[in-house]
Amino acid sequence: MKVISYNLQKHRAAGELAAIVGEHDPDILCLQECDVPELPAEIGDLVLADATQGNRLGLALFYRSSTYHLQSIRTLGLKKSLHDRIAKPAHERVLGARLRDIDDAQDFIVASFHAAPLTALNSLRRHQIRAALTELATLGEGLPQLMVGDYNYPIFKENLGQAVRDHGYALSLSDDHTYTRYRVFRGHYDFATSAGFEIERITTLPQGSSDHRPILVTVKPD
């Protein structure tokens, strides 16, 4: 299964999506910072499962309906940073779906995630990540789970990795940096956390109009 995650930087890179889907042929597309009313119902062979409605910077999830059946969907609000309370960019920071593989009748959970911005503490983002993983698991006890997106965690990733492992999940980074806007903050921001999946590889795709680069996650069930 191939999953692409892309932070569109306030919808700036939305015009690239058709070409990215056409070139890389993902099964699932997870978006952050999109303008939800401007999203199409379909991108290539992918259809829109759902998108957040209460966010200025929205989340969306597309999937291949010829391969998967959408079983359920859930959006989650998480503990807010000071920036969230003042600027109100994103009330909902997780969009999760339970999908069923049509061929093998196996369900799994996949989610698009957008952590609090860099003005927040890493401890708050760790809290958000743990809470997101816990709540997503309620979509199906024991199901394989994959959460991708913008984790906004440029430094001290060892602490994050340990916190995620302690929670029963794996943290995976891509093969190259994913954020380029500010030289001092350049690095890996877009990750995957998983349980019940084997991450075969995560490839950072070429830079487009966004300050984030898309990542292509290739996984298979454990």
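Bear in mind that the values here come from a model prediction, so they are computed numbers and not experimental data. Numbering of residues begins from 1 in every chain and follows the order in which that chain's sequence is written. With the structure being a predicted model, the display of local features is reserved for residues of pLDDT at least 70 and the display and counting of side-chain atom pairs for 80 or more, all residues being used for whole-chain, interface and lining totals. Neither water nor hydrogens contribute to the side-chain values; these are computed over all heavy atoms in the structure.

Novice: For this particular structure, what's the right way to read the overall build of the protein?
Specialist: Note on conventions: DSSP H or I runs of at least 4 residues are helices, E runs of at least 2 residues are strands, and numbering of each starts at the N terminus. Of regular secondary structure, the protein possesses 4 helices and 13 strands. Atoms considered for the radius of gyration are the C-alpha atoms alone. The globule rule reads 2.2 Å times the number of residues to the power 0.38. Against the globule reference of 17 Å for 222 residues, the protein gives a C-alpha radius of gyration of 16 Å, in line with a compact fold. Here the C-alpha coordinates of the protein stretch approximately 45 × 40 × 35 Å along the principal axes. To sort residues, take the accessible area from a 1.4 Å probe on protein chains only and compare it with the maximum for the residue type: under 20% means buried, over 50% means exposed, and anything in between is partly exposed. Residues classed as buried in the protein amount to 55% of the 222 residues present. A contact between two residues is defined here by any heavy atoms of the two lying within 4.5 Å. For the protein, restricting intrachain contacts to residue pairs at least 6 apart in sequence, the fraction spanning at least 24 positions comes to 63%. With residues, only the protein chains shown are counted as cover, and all accessible areas are computed by Shrake-Rupley using a 1.4 Å probe. For the protein, the exposed surface amounts to about 9,800 Å²; the carbon and sulfur share of it is 48%.

Novice: What exactly am I supposed to notice about the sheet that holds strand E13 (residues 215–221) here?
Specialist: Pairing between the strands of a sheet is mediated by backbone hydrogen bonds and can be parallel or antiparallel. At least two DSSP bridges between two strands are required for those strands to pair. Read from one edge of the open sheet, 7 strands run E3-E4-E5-E2-E1-E13-E12, paired in mixed fashion. Looking along the sheet, the strands with just one partner apiece sit at the ends: strand E3 (42–43) and strand E12 (197–204). For E3 and strand E4 (residues 46–51), the ladder comprises 2 bridges, and the chain directions are antiparallel. Residue pairing for E4: Glu-42 is matched across the bridge by Val-47. Angles here are taken between N-to-C directions and fall from 0 to 180 degrees, while the axes themselves are lines fitted to C-alpha atoms, restricted in helices to the stretch in contact. Packing of helix H1 (residues 17–24) onto the sheet brings it into contact with strand E1 (2–7), strand E2 (28–34), E3, E4 and E13, and relative to E1 it is tilted by some 155°.

Novice: Can you walk me through the sheet that holds strand E7 (residues 94–101) in this structure?
Specialist: Strand order in this open sheet of 6 strands is E6-E7-E8-E9-E11-E10, and the pairing throughout is mixed. In this open sheet, the two edge strands, each paired with only one partner strand, are strand E6 (68–76) and strand E10 (170–172). Averaged over all adjacent pairs, the angle separating strand axes in this sheet is 20°, with direction ignored. Strand direction decides the pairing type here: E10 and strand E11 (residues 190–195), joined by 3 bridges, are antiparallel. For Leu-171, the partnering residue across the bridge sits in E11 and is Thr-193.

Novice: Looking at this model, I keep getting lost on the pairing of E7. Mind explaining?
Specialist: Across the 8 residues that make up E7, a large majority, 6, are buried. Of the strand pairs in this sheet, E6 and E7 are connected by 8 bridges, and their pairing is antiparallel. Note that in E7 the partner of Leu-70 across the bridge is Leu-99. Here 7 bridges tie E7 to strand E8 (residues 107–114), and the two strands are oriented antiparallel to one another. If you follow Ala-97 over to E8, its bridge partner there is Val-110. Between the antiparallel neighbours E7 and E8 lie 5 residues, among them Ala-105 with a positive phi of about 60°.

Novice: For this particular structure, what's the right way to read the state of the cysteines?
Specialist: What makes a disulfide is a covalent bond joining the sulfur atoms belonging to two cysteines. Here, two cysteine sulfur atoms that lie within 2.5 Å of each other are counted as a disulfide. By the definition in use, this model includes 0 disulfides. Between Cys-34, a cysteine without a disulfide, and Cys-30, which holds the nearest cysteine sulfur, the sulfur-to-sulfur distance is 11 Å. On the accessibility criterion, Cys-34 (2% relative accessible area) is buried.

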